[in-house]
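Breakdown of the fold
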Amino acid sequence: MKRHIITFMTCVGMLNAFAAPNDNGVKEVKLGGYIGQRIDGCIEKRVLGQSVDELVDPFKVQDETQGRWASEFWGKWIQGAVASYEYNHDPALLEKIKEGERKLIATQLADGYIGDYDKEHQLHGWDVWGRKYTLLGLVKCYRLTKHKEALEAACKLLDYTIKQIGPGAATPIYKTGYYRGMPPLSILEPVTYLYDETGNPAYLQFAKLIAEQMNHPEGPMLIDKADVPVSQRFVLKPGNSWWSFDNGQKGYEMMSCYIGLLEMYRLTGNANYLQVALTTWNHILREEINITGGACSLECWYGGHGKQTHPASHTMETCVTFTWMQFCERLLQITGDTKYVDQIERTMYNALMASMKHDNSQIVKYVPLEGFRREGEHQCDVRINCCNANAPRAFAMIPRIAYRMPKADRIDINLYMPSKAAIQMGKRTFDIVQETNYPVTDEVKITVTPDKAAHADIALRIPDWTPKAQIKVNGEAMDDVACGEYFIIGREWKAGDEITLKMEMPARLAQLNQAAAIERGPVVYARDSRFNDGFVDEVVTIPNLNGAIQMTAEKAPQDMWIAVSVPMVRGTYNDASVDTRKIHLCDFASAGSTWDEGIRYRVWLPILYTPDNPKSGQVQGYW
Ligand SMILES: [Zn+2]
């Protein structure tokens, strides 16, 4: 049996400066099970169900004077539509994309502008931010449809923008938006894509100017302040609100800028762009991301990791959730490190799935860790909001994360769920079938069928949360399976070869600030008042042995995915013989998923303080 293990080198010097995704060999992916159904539901309701005219209408009249953001919705939605089409190849969806492309291009003015701002108010509010989404949408359309009109429209809009804020212009880019200019500066990403498509040196020059201004002392200083925790980079002056220009903490706009800098790293090979993105990513993970893989209060960094046990205003915007996944995906493509998939998986099962109503009809704007979920408002006189427009991009990302080809002779299996993939490796095709009930159960069976016996590397992601994993190929156990990295099986595969992966998945107790939360595998659990087994906010004592707890599978009620029970001692009397009860919990995504405000749920359960064991509830940190 030939086998070997490779630990990825993550130091910058070892990276290929021009590392780009090479997923061309993944011909077809079909995901089933819970995640597959949710993706299908999102495409049906949020992508196909969207009226194109409602998104294009704002572009037909240039009368925006209040600095609003109606011009972001089309670009967000159509990127979700293109990514969804790349997954399901639905002809009706392709027609809808073409309709969106055609109707948007028809709104372009003679000078190249596409937007809804009146001439005097251009370059204020969210105008340049909106152009970013228009450019991204047009370039994604062009790459799919090959319609040269889409590329021409994007170039005309970019040329017009460069005249206004490009090299030599009087107005600096960072002055054309809020939050120390991060929203307009995030236009960097599509500028790099249009340079890819055209090779126009003016676009590279503009991209360099944007990257430079990202570090301007009056701007967000995304390079020089990369070492500073993201919530502490700028101290707000007394009297300045979260919404003022001085606030450099807006979460998803900041991550969008770093995604642009990663594209600059790809174009220029300048490792500093990668380094500042990696440093910032680490800060965000350590100081902001909560147990469900979401972040932010009022859409801003606030040191939320350490404060997550306490309710915070407007928690976990879904746009933040998606952009975090996007940031992780881009770093996965560049570094090949499984830690980015670990984060995507956690966010996917928890923060992202929690964002969509149980019937897939709506995406929520904020997902608190306790309380209830509520439909977001319509924004800017359009029957949609930022998160409803953006989130389908996150759902459509999942299939391309699940199976990736980092190089021509290797397939990475990153996510475990019932699924099928057809992979082209040179002249050979490989059909891969996963059968599993993961993460309810801990075992995955993978059948590999090449059209003719052939060599390939098949890499399995071993999650960082599992203490031990076992892999067998055709019944033969593999040695040295390490957790938190890929296990690569390089061999000649023949039809029907079978891999089994078993990951130990103990239920575990996370503790922080006199509160406890329960996790198993990648899933976080919550109490939910629909179980009718006490008050979800009451103080509890959870018997555990070094964090390991007893969990029993239960039948999930309607509108819930996974239900379990854990014995807990309720209340302050703490008399185990009288007060111990089987307390039910459901996966965080199912908690409050009907958006009925009469339902309450809670992730972080208050735990009892006892003077004879004062440290019982004060264990800091949980991973
Ligand atoms: Zn949003």
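What you see is a predicted model, and the numbers here were worked out from it, not measured in a lab.

Another aspect to go through is the overall build of the protein chain. Tallying secondary structure elements over the protein chain gives 16 helices and 21 strands in all. Relative to a compact globule of 623 residues, whose C-alpha radius of gyration would be 25 Å, the protein chain shows 25 Å and is just as compact. Overall, the protein chain is about 75 × 65 × 45 Å in size when its C-alpha atoms are taken along their principal axes. Taken over 623 residues, the protein chain has a buried fraction of 51%. Of the contacts made within the protein chain by residues no fewer than 6 positions apart, 69% connect residues no fewer than 24 positions apart.

Next up on the list: unusual backbone geometry. In the segment running from Tyr-438 into Pro-439, the intervening peptide bond is cis, with an omega of 0 degrees. Take Pro-439: it is sitting in the loop between β6 (428-436) and β7 (443-450). Positive phi values are uncommon outside glycine, yet Lys-146 reaches one of about 65 degrees. Inspection of the secondary structure assignment puts Lys-146 in the loop between α5 (127-145) and α6 (148-165). The class for Lys-146 is exposed, based on 9 C-beta atoms found within 10 Å. Unlike most non-glycine residues, Cys-380 shows phi in positive territory, near 55 degrees.

In this structure, Ala-154, Val-191, Leu-194, Ile-210, Tyr-258, Leu-261 and Ile-398 are the most contacted members of the largest nonpolar core, which totals 191 residues. Once residues lying within four places of it in the same chain are set aside, the contact partners of Ile-210 are Ile-173, Leu-185, Ile-187, Leu-188 and Val-191.

As a further point, take the sheet that holds strand β3 (residues 403-407). The strand order across the open sheet built from four strands is β3-β4-β8-β11, with neighbouring strands paired in mixed fashion. Pairing within the sheet leaves two strands with one partner each, and these edge strands are β3 and β11 (485-493). Ignoring strand direction, the axes of neighbouring strands in this sheet form an average angle of 30 degrees.

Relative to the helices and strands, Val-139 is located in helix α5. Residue Val-139 is classed as buried on the basis of its C-beta count, with 26 C-beta atoms lying within 10 Å. Placed 58 residues apart in sequence, Val-139 and Glu-197 show a C-alpha to C-alpha distance of 8.6 Å. Ignoring sequence-local partners within four residues, the contact set of Val-139 consists of Ala-154, Pro-190, Tyr-193, Leu-194 and Glu-197.

Taken domain by domain, the protein chain holds domain 1 (50-165 + 377-402), domain 2 (179-363), domain 3 (410-503) and domain 4 (507-606). Inter-centroid distance (C-alpha atoms) of domain 1 to domain 3 is 39 Å.

The subject of this paragraph is the packing of helix α13 (residues 318-335) against helix α14 (residues 338-355). Contact geometry for α13 and α14: axes closest at 10 Å, N-to-C directions at 160 degrees. Classed by the angle they form, the pair α13 and α14 counts as roughly antiparallel. Crossing of α13 over α14 shows left-handed handedness. For the pair α13 and α14, the contacting residues are Thr-318, Thr-321, Trp-324, Met-325, Cys-328, Glu-329, Leu-331 and Leu-332 in the first and Tyr-340, Val-341, Gln-343, Ile-344, Thr-347, Ala-351, Leu-352 and Ser-355 in the second. Across the contact of α13 with α14, the residue classes break down as 10 nonpolar, five polar and one charged.

For the rest of this paragraph, the subject is the pairing of strand β15 (residues 523-528). Counting buried residues along β15, six of its six residues qualify, which places the element largely inside the surrounding structure. Where burial is concerned, the two faces of β15 agree: the one with Val-523, Tyr-525 and Arg-527 and the one with Val-524, Ala-526 and Asp-528 are both buried. The turn joining strand β14 (residues 515-520) and β15, which pair antiparallel and follow one another in sequence, is formed by two residues; a positive phi near 60 degrees is taken by Gly-521. Relative to strand β19 (residues 580-587), β15 is paired through two bridges, and the arrangement is antiparallel. Note that in β19 the partner of Tyr-525 across the bridge is Asp-587. Here β15 pairs with strand β20 (residues 601-602) via two bridges, running antiparallel. What sits directly across from Arg-527, in β20, is Arg-602.

Procedures and definitions
Starting from 1, residues in each chain are numbered consecutively following that chain's sequence as written. Restriction of local features to residues with pLDDT of at least 70 applies here, the model being predicted, together with a cutoff of 80 or more for giving and counting side-chain atom pairs; totals for whole chains, interfaces and linings are based on all residues. By the criteria applied, helices consist of DSSP H or I runs no shorter than four residues and strands consist of E runs no shorter than two, each listed in order from the N terminus. In this description the radius of gyration comes from C-alpha coordinates, and the expected globular size is given by 2.2 Å times residues to the power 0.38. To sort residues by exposure, count the other C-beta atoms lying within 10 Å of each residue's C-beta; 20 or more gives buried, 12 or fewer gives exposed, and values between give partly exposed, all with C-beta atoms placed from the backbone. Two residues form a contact once the distance between their C-beta atoms, set from the backbone, is within 7 Å. Only buried Ala, Val, Leu, Ile, Met, Phe, Trp, Tyr and Cys residues enter a nonpolar core, and they are joined through C-beta atoms within 7 Å. A strand pair is defined by DSSP finding two or more bridges across the two strands. Working convention: axes come from line fits to C-alpha atoms, limited for helices to the stretch in contact. Angles between N-to-C directions cover 0 to 180 degrees. Just so you know, the domain bounds were taken from an automatic or database domain assignment. Working definition: roughly parallel below 35 degrees, roughly antiparallel above 145 degrees, roughly perpendicular at 65 to 115 degrees, and oblique for all remaining angles. Helix crossings fall into two classes, left-handed where the near helix is turned counterclockwise from the far one by less than a right angle and right-handed where it is turned clockwise. Residues are grouped as follows: Ala, Val, Leu, Ile, Met, Phe, Trp, Tyr, Cys and Pro are nonpolar; Asp, Glu, Lys and Arg are charged; all remaining types, including Gly, are polar.

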